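Observations on the three-dimensional arrangement
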Amino acid sequence: MEIRYKRDLNSNYMILTEENPKNESYEVRMITENRIYGLLPCIHQQYEGRTEYYYEITGRQSMELLYERRKLNSGQLKGLLRELLRILESAGEYLLNPDHLLLGPETIYLHTRSEKLYLCCYPGSEKKIQESFLDLAEYLLGKLDKSDAEGIEFGYELYQNALEPNFSLTELLHRHTETEKEAPQPAVRPAETVSVQKEILEKTGSWKNFFKKKNRQTTLEDYVAEADQMGSGTALFLKEEALPETACLQKVKRDGLFLRSLSTEYPSFQIQEEAFLLGKKKDSVDGCIPAPTISRIHARITCDGGIYYVEDLNSTNGTWADQMQLNPYELYPLKAGMYLTFASVEYEVEL
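Structure report, in brief. None of these values were measured; they are calculated from a predicted model. (Residues numbered from 1 in each chain as written. Predicted model: local features only at pLDDT ≥ 70, side-chain atom pairs only at ≥ 80, totals over all residues. Heavy atoms only, no water.)

**Considerations on the sheet that holds strand E12 (residues 275-279)**
Where we set the bar: Following DSSP output, two strands are said to pair if at least two bridges run between them. Going along the chain from the N terminus, every DSSP run of H or I of four or more residues is numbered as a helix, and every run of E of two or more is numbered as a strand.
Ordered in space as E13-E12-E14-E15-E18, the five strands form an open sheet in which the pairing is mixed. Across the chains shown, the open sheet's two edge strands, defined by having one partner strand only, are strand E13 (287-288) and strand E18 (331-333). Two strands pair when backbone bridges link them, and strand E15 (residues 307-312) and E18 are joined in this way by three bridges, in the antiparallel orientation. Opposite Tyr309, over in E18, you have Pro333 as the bridge partner.

Below, the structure written as structure tokens:
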């Protein structure tokens, strides 16, 4: 599946192309003529023998990017899964095929401020939702904070249960909700969590068979689980005893790239890493530019084969290379003396 991106005057789009569209007129009408809870707004255009779907991603960033530098804790993981159930229920009310919901971290988007979850309904998808969810569970396990024992235990249980053909996400969340209710609670506890959870559990949809399974008694032994995200999206699971951490090979030092700020108000950056994130959210980027016009995760500088590239990461106010505005996720080669503008903040490239 090829993914392209485009920016116009007001919006950013993720574009998916279906080369030989099937007769899915009902589903296409549903996703283009309705604002369905938790689904990215979509418009489509038909050309010779193919259909292009434009999904609006303005003000949103992909899960893959948002968690590139961040880790998930137990509460965040359960919150994502509860929201996923709500979106699946909403899609079921419109009789959408659950197999057409893309669950890859590159196609799942979160609002940049509220981090509300959004999925993409793509009629050309041929992957079963069971397989898609298993891949998502593996990815999420690799993004868990290893210091959060509860999160690691829940993530490992989620992955192990997702391997079963009759896996029930609803049952798993309900079981852990009951456990949390029995445990001592802090004095202040949001009341909405339990009520929303019960409402979700009482509903059903066209996808319900995927989340129902027979009763099963799960016994977990003491273990230490470590999952490091790999380039291919796979994860490594270690049980029983923690092995010594693998030592990373020392990278060859190089002079790198220097971004010289043209304003004394904002910092300059010496970049020697192969990937360097720029934005205003300190805990999610490598270089913080504290300007109000800068997005939380705004752009990325990467090095490939000794050549540096700049890439706009679906920022709100855009990125320019020598006064040419870049499309989201477009790799643009950098040269000495070139000027980069991130929203309203200007830099000069020194190599």
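From this point, things continue past the structure.
**A short note on the sheet that holds strand E2 (residues 12-18)**
In a beta sheet, neighbouring strands are held together by backbone hydrogen bonds and run either parallel or antiparallel to one another. To keep things clear, this is the line we draw: Lines fitted to C-alpha atoms define the axes here, with helix axes fitted over just the stretch in contact, and angles between the N-to-C directions of these axes take values from 0 to 180 degrees.
Reading across the sheet, the four strands line up as E1-E2-E4-E3 and stay open at both edges, with antiparallel pairing between neighbours. Two strands in the sheet have a free side with no partner beyond their single neighbour: strand E1 (3-7) and strand E3 (42-47). Strand-to-strand, the axes of this sheet are offset by a mean angle of 25 degrees, without reference to chain direction. Here E3 pairs with strand E4 (residues 50-56) via six bridges, running antiparallel. Bridge pairing in E4 places Ile43 opposite Tyr54.

**Looking at the packing of helix H3 (residues 74-93) against helix H5 (residues 149-162)**
Each pair of packed helices can be summarised by the angle the axes make with each other and by the distance between the axes. So the rule is basically this: Contacts between residues were defined by any pair of non-hydrogen atoms, one from each residue, lying within 4.5 Å.
For the pair H3 and H5, the least separation of the axes is 8 Å and the interaxial angle reads 35 degrees. Facing Ser74, Leu77, Lys78 and Leu81 of H3, the residues of H5 in contact are Glu150, Gly151, Phe154, Gly155 and Leu158.

**Side note on H3**
Which entries qualify depends on this criterion: Each residue after the first adds 1.5 Å to the expected span of a helix. Relative accessibility under 20% of the residue-type maximum defines a buried residue, over 50% an exposed one, and the middle range a partly exposed one, all with a 1.4 Å probe and only protein chains included. Pairing of N or O atoms within 3.5 Å defines a polar contact, subject to two protein rules: one partner must be a possible hydrogen donor and the other a possible acceptor, and residues neighboring in sequence count only if both atoms are side-chain atoms.
With 20 residues, H3 ought to run about 28 Å at 1.5 Å a step, and its terminal C-alpha atoms sit 29 Å apart, in line with that. For H3, a buried count of 15 out of 20 residues is recorded, marking the element as mostly surrounded by other parts of the structure. Regarding H3, its N-cap is Asn73, as a side-chain oxygen of that residue lies 3.1 Å from the backbone nitrogen of Gly75 further along. Positive backbone phi, at 60 degrees, marks Leu95, one or two positions downstream of H3.

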